[in-house]
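# Summary of the model geometry
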Amino acid sequence: MLKTLEKVDPAFRADVLNGLSEPIPAIPARWFYDRRGSELFDDITRLPSYYPTRTETALLEAKIDEIARLLPKESAVVEFGSGSSTKTPILLRAAKPKAYVPIDISGDYLRESAARVDAEFPGIPVHPVEADFTQEVELPVAIGGLPRLGFFPGSTIGNFVPQSATDLLRHFRTILCTGARLLIGMDRVKPIDRLIAAYDDPEGVTAEFNLNLLRRINRELGADIPVDAFRHQARWNDMLGRIEMHLVAMRDVSFEIEDRSFDFAKGKSIHTENSHKYGPRGARLLLLAGGWTPLAEWTDPDQDFALILAEA
Ligand code: AVI
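Computed from a prediction, not measured in an experiment: that's the story for all the values here.

A separate point is the nonpolar core. Within the largest apolar cluster, 41 residues are counted, with the highest numbers of intra-cluster contacts made by Leu-20, Leu-214, Ile-217, Phe-230, Ile-257 and Phe-264. Of all the elements in the fold, those that place two or more residues in this core are helix 1 (10–21), helix 2 (35–45), helix 7 (192–199), helix 8 (205–221), strand 6 (230–237), strand 7 (242–249), strand 8 (253–257) and strand 9 (260–264). Broken down by element, this core gets its largest block of residues, 7 residues, from helix 8. Look past the residues within four positions of Leu-214 in its chain and what remains in contact with it is Ile-225, Val-227, Phe-230, Leu-247 and Ile-270. Counting 34 residues, the second largest nonpolar core, distinct from the first, contains Val-78, Val-137, Ile-157 and Ala-312.

Taken together, 14 residues form the shell around the ligand, and within it Tyr-50, Asn-159, Tyr-199, Glu-273 and Ser-275 come nearest. A distance of 2.5 Å is found between an oxygen atom of the ligand and a side-chain nitrogen or oxygen belonging to Tyr-50. Residue Tyr-199 places a side-chain N or O atom 2.5 Å away from an oxygen atom belonging to the ligand. Compared with its free state, where it exposes 340 Å², the ligand has 96% of that area covered by protein. Every element with two or more residues in the shell around the ligand is listed here: helix 2, helix 8 and strand 10 (269–276). Split into classes, the residues belonging to the shell around the ligand amount to 7 nonpolar, 6 polar and 1 charged.

A separate point is the packing of aromatic side chains. Summed over the entire model, instances satisfying the criterion amount to 16 aromatic pairs. With a centroid separation of 5.9 Å and 80° between ring planes, the pair formed by Tyr-33 and Phe-41 is classed as edge-to-face. Its relative accessible area of 27% is what places Phe-41 among the partly exposed residues. Both rings, one in Phe-230 and one in Phe-264, keep their centres 5.9 Å apart while their planes meet at 70°; by these two values the pair is edge-to-face. Remark: Phe-264 occurs in strand 9 and Phe-230 occurs in strand 6; sequence separation between them is 34 residues. Like Phe-264, Phe-230 is buried. Following the ring pairs from residue to residue traces out a cluster consisting of Phe-32, Tyr-33, Phe-41 and Phe-209.

Once that is clear, we can look at the sheet that holds strand 10. If you trace the 3 strands from one edge of the open sheet to the other, you get 6-7-10, paired in antiparallel fashion. Two strands lie at the open edges of the sheet, namely strand 6 and strand 10, each paired on one side alone. Between one strand axis and the next, the sheet turns by 20° as a mean value, whatever way the strands run. Alignment of strand 7 against strand 10, held across 7 bridges, turns out to be antiparallel.

Here the focus is the confidence of the model for the protein. Taken as a whole, the protein shows an average pLDDT of 95; of its residues, 97% reach a score of 70 or greater. The complex prediction reports pTM at 0.95, with the ipTM value standing at 0.99.

Bringing the pattern of salt bridges into the picture now. Under the defined criterion, the tally for this structure stands at 23 salt bridges. The residue Asp-43 makes a salt bridge to Arg-46 at a minimum N-O spacing of 3.3 Å. Classification of Asp-43 as partly exposed rests on a relative accessible area of 32%. A residue is classified by how much of its surface remains accessible, and Arg-46, at 61% relative accessible area, is exposed. Salt bridges sharing common partners tie together Arg-35, Asp-108, Arg-111, Glu-112 and Glu-130.

Strand direction decides the pairing type here: strand 6 and strand 7, joined by 8 bridges, are antiparallel. Its bridge partner being in strand 7, Arg-231 is matched across the sheet by Val-248. The hairpin turn running from strand 6 into strand 7, its antiparallel successor, is 4 residues long, and Gly-241 in that turn takes a positive phi close to 60°.

The subject of this paragraph is the sheet that holds strand 4 (residues 148–152). A sheet is described by the order of its strands in space; here 7 strands give the open sequence 3-2-1-4-5-12-11, paired in mixed fashion. Strands with a single pairing partner mark the edges of an open sheet, and in this sheet they are strand 3 (129–130) and strand 11 (293–299). Bridging between strand 11 and strand 12 (residues 305–311) involves 6 bridges; their strand directions are antiparallel. Bridge pairing in strand 12 places Thr-299 opposite Ala-306. Lying on the sheet, helix 6 (residues 162–176) is in contact with strand 1 (76–80), strand 4 and strand 5 (181–187); it crosses strand 4 at an angle near 150°. Running at roughly 145° to strand 11, helix 9 (residues 280–289) makes contact with strand 5, strand 11 and strand 12 of the sheet.

Here is what the cut-offs are and how they apply
- Residues numbered from 1 in each chain as written.
- Predicted model: local features only at pLDDT ≥ 70, side-chain atom pairs only at ≥ 80, totals over all residues.
- Heavy atoms only, no water.
- Core = buried A, V, L, I, M, F, W, Y, C linked by side-chain atoms within 4.5 Å.
- Buried < 20%, exposed > 50% of the residue type's maximum accessible area, 1.4 Å probe, protein only.
- Helix = DSSP H or I, 4+ residues; strand = E, 2+ residues; numbered from the N terminus.
- Contact = heavy atoms within 4.5 Å.
- Near = heavy atom within 4 Å.
- Polar contact = N/O pair within 3.5 Å; in protein donor to acceptor, adjacent residues only side chain to side chain.
- Areas by Shrake-Rupley, 256 points an atom, 1.4 Å probe, with all protein chains shown as cover.
- Nonpolar A, V, L, I, M, F, W, Y, C, P; charged D, E, K, R; others polar.
- Phe/Tyr/Trp six-rings, centres within 6.5 Å; stacked < 30°, edge-to-face > 60°.
- Pairing = 2+ DSSP bridges.
- Axes fitted to C-alpha atoms, helices over the stretch in contact; angles between N-to-C directions.
- pLDDT = per-residue confidence, 0-100.
- Salt bridge = Lys/Arg side-chain N within 4 Å of Asp/Glu carboxyl O.

Pasting the structure below:
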């Protein structure tokens, strides 16, 4: 059963068909975020074992006055992947920018978060941009020559392998221009049991988030993957300094996507996400490789998470 063609995203189709045909099957993590996936991710951010969101928010709240002293005055704040961020108001209250530009690929989320900011900060013009920030983005002409402050919280940079993370940081530099500043959140390396618990919660929300990708493939590409034959797994890859999420076949399974057949022997997995964790030096080196000079860094008392301010 094939879904009506106009509703199939060709990039999703290509990533799934090509990714599942690789010797080590993998699908890019960006496809997690359909409506249900975005809701599940919001649920993840509130889980007791998922420390990054609450740690970063508390850190931002605790250090915001210090951070604000180092931010450009009368700037335009450009947020990459605004989602349903609760961190934005903390920054806007302190930075008092002349404009706020949230960039997000999901139009629904973008409109909701832009409306919330608009209501809470009537003095700050909001210029939402619906775009994939990894691709070419044109900033609104309305922000003109205002100094720019990029905001990239959430440790989303960790979802890119170092080479792509470097490219992305260079891309941000091009979008924001020389002299801009970037406030970025990065998750720190920590004991493995805490990392695994954050990505394999006892409530099963992350498992559902991961398995939702298979449900999305079935729904959008008319596939017949037996979702209950796969199990969520979070692994720490020590050599590469990252948590990996996989969907492991619990028995031999075969399924079809369009006219292609796929066979998964018991134990074979689909690699669905990387979440890189950085030590202080690794984080600074990544920024430098991406064309940003670190200026200051803040961490929580347990050093679980870092916010870094850098200059282009
Ligand atoms: C969006 N990103 C920073 C999350 C992370 O921690 O890597 C995505 C996530 N995956 C599982 N839990 C959260």
